[in-house]
Amino acid sequence: QAQLVESGGGLVQAGGSLRLSCAASGRTFRTYVMGWFRQAPGKEREFVAAITGSGSSTYYADSVKGRFTISRDNAKNTVYLQMNSLKPEDTAVYYCAAAQVFLVVARGYDYWGQGTQVTVSS
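Treat the numbers as computed from the prediction; the structure is a model and nothing was measured.

In this section: the packing of aromatic side chains. Summed over the entire model, instances satisfying the criterion amount to 7 aromatic pairs. Where phenylalanine 37 meets tyrosine 109, the ring centres are 5.0 Å apart and the plane angle is 80 degrees; that geometry is what we call edge-to-face. Of this pair, phenylalanine 37 sits in strand β4 (residues 33-39) while tyrosine 109 sits in the loop between β9 (92-99) and β10 (111-112); the two residues are 72 residues apart in sequence, bridging distant segments of the chain. Both residues of the pair, phenylalanine 37 and tyrosine 109, count as buried. Seen in terms of ring centroids, phenylalanine 37 and tryptophan 112 are 5.1 Å apart; in terms of plane orientation they differ by 55 degrees. Their pairing is tilted. With phenylalanine 37 in strand β4 and tryptophan 112 in strand β10, the pair connects residues that are 75 residues apart, well separated along the chain. An aromatic cluster is present here, built from Phe37, Phe47, Tyr59, Tyr95, Tyr109 and Trp112 joined pairwise through their rings. Here the guanidinium or amino end of arginine 45 rests over the ring plane of tryptophan 112, the centre of that ring lying 4.8 Å away.

A few words on unusual backbone geometry. A positive phi angle, near 50 degrees, is found at asparagine 77, a position not held by glycine. We note that serine 85 has phi near 50 degrees; this positive angle belongs to a residue other than glycine. Considering the arrangement of structural elements, one finds serine 85 in the loop between β8 (78-83) and β9. A residue is classified by how much of its surface remains accessible, and serine 85, at 41% relative accessible area, is partly exposed.

Take a nonpolar patch on the surface next. On the surface, Tyr59, Phe102, Val104 and Val105 cluster together to form a nonpolar patch covering roughly 330 Å² of accessible area. Relative to the assigned elements, valine 105 resides in the loop between β9 and β10. Overall, valine 105 belongs to the partly exposed group, its relative accessible area being 41%.

Counting through the fold element by element, tyrosine 95 comes out in strand β9. When the C-alpha positions of tyrosine 95 and valine 48 are compared, they lie 9.5 Å apart, and in sequence the two are 47 residues distant. Leaving out residues up to four positions away in the same chain, tyrosine 95 has contacts with Glu6, Gly35, Trp36, Phe37, Gln39, Arg45, Trp112, Gly113, Gln114 and Gly115.

Rules used throughout
- Residues numbered from 1 in each chain as written.
- Predicted model: local features only at pLDDT ≥ 70, side-chain atom pairs only at ≥ 80, totals over all residues.
- Heavy atoms only, no water.
- Phe/Tyr/Trp six-rings, centres within 6.5 Å; stacked < 30°, edge-to-face > 60°.
- Helix = DSSP H or I, 4+ residues; strand = E, 2+ residues; numbered from the N terminus.
- Buried < 20%, exposed > 50% of the residue type's maximum accessible area, 1.4 Å probe, protein only.
- Lys NZ or Arg CZ within 6 Å of the ring centre and 35° of its normal.
- Patch = residues over 30% accessible without salt bridge, like charges linked within 9 Å, V, L, I, M, F, W, Y side chains within 5 Å.
- Areas by Shrake-Rupley, 256 points an atom, 1.4 Å probe, with all protein chains shown as cover.
- Salt bridge = Lys/Arg side-chain N within 4 Å of Asp/Glu carboxyl O.
- Contact = heavy atoms within 4.5 Å.

Structural data, given as structure tokens:
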């Protein structure tokens, strides 16, 4: 069973950058697809980005494409989300999640972190 812990959230001005990290426990980290999701107040949780176990393939939501980059370091059991050119509409709680297959829907992910708050001021 994987345990996920996010970090790196905070308050940033529009146009700024943040890098989120998600540290995973367990020796099978490299076998999991890792995803990032976010949830703003009053809205449903939405897909942000995903990366395959090897890191060879990634996929992004249209709203973040070209601004966010997902990556992973399997030696460190960690997945990252580099967020550039942040906008106020990126404000949300960001969650990392692990799945056995490549998915862009939240319900297919097996394990979730507790979330980290990202607030972008205008």
